[in-house]
Amino acid sequence: MDLGSLEITGGVPLHGEIGIQGSKNAVLPILVACILGEGICVIENCPQIRDVADTLEIMRHLGCLVQAANGTVRIDASCVDTFETGGKEAARIRSSVLFLGALLGRMKKAMLPLPGGCAIGERPIDQHIAALRQLGARFYLEEKIMADASDLKGGRVRLAMPSVGATENAILASVLAPGETIIEHAAQEPEIDELCEFLRLRGAQIGRTVEGNICIQGGRALRAVRYRMKSDRIVAGTYLLAAVATRGQVTIKDFPCRELDALTSTLRAIGVSVACIEDRIEVNADRPLRAISYLETSPYPGFPTDLQSPMMAVLCRARGESCICETIFENRFRTVAELQKMGAKIHTEGRCAVVKGVPTLVPARLTAPDLRGGAALVIAALQTNGTSVIQNTGYIERGYEDICRDLCGLGAKMRWGM
Ligand code: EPZ
């Protein structure tokens, strides 16, 4: 990861209102879905982040004509002429695994690098492979993933766990496969529903049943469309937590507050005033914060694993002892050691971290351990009465368009390092 850095001087309560960039975890499967048909798709409010840039590079390698400027991406997938994603970018981002389903749908074959683990865990793809096998795909796993789906057809896909990526892969493969597909135990994240909305606009027959399964009548050709991305719920949650950490008052505008119900109910539990009015969320943290005796991450609509580290940074100064358990990824406490450098009192016990609130955190030289851990360190640095430096901010740029621009717009004193 590149060695970018951020310089942050804390002690200033954040104030004001802010709109949020397009959703990273929704746009990645939607961009991949653009290869499922011919014609030019236009994606507006596309976040200008590294994971998007890498995904577009893979699409160019596949033969797509791609133009990206000021948050609008135009993709002509008429000339996709290979089923192999190539190595560099595909090996760099986890979400490249989504090309598996889309290439099997479009080309009936796929060849991708074996995705490695990453900072937050091993991140296997057994559920992806099991789901695609249930649709007729055959796999040859050697130094690469090779798959053939000459007789791909709709069917019943039972996921052993509500994996976001495996649900998306099953959708991307089945939308062109003739016949009905039912995906049972599908992930419930809003990003899945946004992918379905995009595909419906393109002419696919896809929706969610009352039980939460995804139902697809596959085999119809898809038309090209223009689509505007919705706001990123994890970026919105991150900025709400930054406001709370600095004891400020901030409003997130144009955001469906129900998507952050688990976060907002947790904030109320620790003493934050939260107002949710349709598409605005306002937090006011003008009182001392209480600890939360037990909080665990879980699949949507539970508390999002992607906000676990940012939440931990807030609890470092909450009165009392909090316990946070990470049930989704096995190695997502790498921020703890960095927070301890700032005087945080945290110890981990297996999948749980116990945080004893302290009155103040001290500035330090810090290293971002991963994407959301890096955002958590920004939140921690904003709470000190001095200047911290965070290295390895390339991780943060994978998911946040410009965290410095956004938080300075709310009064933070930050700047990108030299
Ligand atoms: C998506 O990752 C998100 N990434 C993650 O956001 C998010 O944390 C995660 O969903 C959970 O919400 C994108 O959408 C690009 P999973 P994904 O498959 O699809 C295990 C961020 O910070 N598993 O739901 O990889 C897996 O190891 C990123 O924006 C298997 O065992 O998540 C994990 O423990 C981080 N086998 C759990 O399931 C599989 O085949 C959840 O993974 C697949 C997953």
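## Digging into the state of the cysteines
Next, step 1: Taken as a whole and judged by the stated rule, the model has one disulfide.
Next, step 2: With its sulfur 1.9 Å from that of its partner, C325 forms a disulfide with C352. Across the S-S bond linking C325 and C352, the dihedral sits near 105 degrees, which makes this disulfide right-handed. Residue C325 is found in strand β18 (residues 321–325), and its partner C352 is found in strand β20 (residues 352–356); the two are separated by 27 residues along the sequence. As far as burial versus exposure is concerned, C325 and C352 are alike and both buried.

## Brief notes about the side chain of S388
Next, step 1: Within the secondary structure layout, S388 lies in strand β22 (residues 387–391).
Next, step 2: Side-chain polar atoms of S388 contact the backbone nitrogen of A364, separated by 3.2 Å.
Next, step 3: Not counting residues within four places of it along the chain, the set of residues in contact with S388 comprises L6, E7, I8, M342, P363, A364, L366 and A381.

## Considerations on the pattern of salt bridges
It is possible for side chains bearing opposite charge to pair when their charged atoms get close.
Next, step 1: Inspection of every chain in the model, using the stated rule, returns 25 salt bridges.
Next, step 2: One salt bridge in this structure joins E17 and R280, with 2.7 Å as the shortest N-O distance. With E17 in strand β2 (residues 15–18) and R280 in strand β16 (residues 280–284), this residue pair connects regions lying 263 residues apart in the sequence.
Next, step 3: Members of the salt-bridge network, linked through shared partners, are K109, R138, D148 and D151.

## Observations concerning the site of the ligand
Next, step 1: Every one of the 22 residues lining the ligand counts as a neighbour, but D126, Q127, S163, D306 and I328 are closest to it.
Next, step 2: Take R123: an N or O atom from its side chain is 3.0 Å from an oxygen atom of the ligand.
Next, step 3: In the model, an oxygen atom of the ligand is placed 2.4 Å from a nitrogen or oxygen of the I328 main chain.
Next, step 4: Taking 830 Å² as the accessible area of the ligand by itself, protein coverage stands at 86%.
Next, step 5: Taken together, the elements giving at least two residues each to the shell around the ligand come down to α1 (24–33), α5 (126–133), α6 (164–174) and α12 (371–381).
Next, step 6: For the shell around the ligand, the residue count by class is nine nonpolar, six polar and seven charged.
Next, step 7: In this structure, the shell around the ligand is formed jointly by two domains, domain 1 (5–21 + 232–416) and domain 2 (24–219), each of which donates at least three residues.

## Some details on the pairing of strand β15 (residues 273–277)
Next, step 1: Bridge analysis of β15 against β16 gives five bridges, and the strand direction is antiparallel. Bridging from a neighbouring strand, C276 pairs with I281 of β16.
Next, step 2: Here β15 hands over to β16 after two residues, with E278 in that stretch at a positive phi of 50 degrees.

## Some thoughts on the domain arrangement of the chain
Next, step 1: Each assigned domain of the chain is listed here: domain 1 (5–21 + 232–416) and domain 2 (24–219).
Next, step 2: Computed from C-alpha atoms alone, the centre-to-centre distance between domain 1 and domain 2 is 30 Å.
Next, step 3: Opposite the 22 residues of domain 1 that make contact, domain 2 presents 19 residues.
Next, step 4: Counting each side, the surface lost to burial between domain 1 and domain 2 is near 1700 Å², with a carbon and sulfur contribution of 51%.
Next, step 5: Per-residue buried area on domain 1 facing domain 2 is highest for Y300, R398 and E401; these three make up 32% of the total on that side.
Next, step 6: Taken together, the links from domain 1 to domain 2 amount to three salt bridges.
Next, step 7: Of the charged contacts, one joins R233 and E191 as a salt bridge, the two residues approaching to 2.7 Å between their closest N and O atoms.
Next, step 8: One can count nine residue pairs in polar contact (both at pLDDT 80 or more) joining domain 1 with domain 2.
Next, step 9: If you list the elements that add at least two residues to the side of domain 1 that touches domain 2, you get α12 and α13 (394–397).

Definitions and cut-offs
Residues numbered from 1 in each chain as written. Predicted model: local features only at pLDDT ≥ 70, side-chain atom pairs only at ≥ 80, totals over all residues. Heavy atoms only, no water. Disulfide = S-S within 2.5 Å. Helix = DSSP H or I, 4+ residues; strand = E, 2+ residues; numbered from the N terminus. Buried < 20%, exposed > 50% of the residue type's maximum accessible area, 1.4 Å probe, protein only. Polar contact = N/O pair within 3.5 Å; in protein donor to acceptor, adjacent residues only side chain to side chain. Contact = heavy atoms within 4.5 Å. Salt bridge = Lys/Arg side-chain N within 4 Å of Asp/Glu carboxyl O. Near = heavy atom within 4 Å. Areas by Shrake-Rupley, 256 points an atom, 1.4 Å probe, with all protein chains shown as cover. Nonpolar A, V, L, I, M, F, W, Y, C, P; charged D, E, K, R; others polar. Domains from an automatic or database assignment. Pairing = 2+ DSSP bridges. Buried area = accessible area lost by both parts, 1.4 Å probe.

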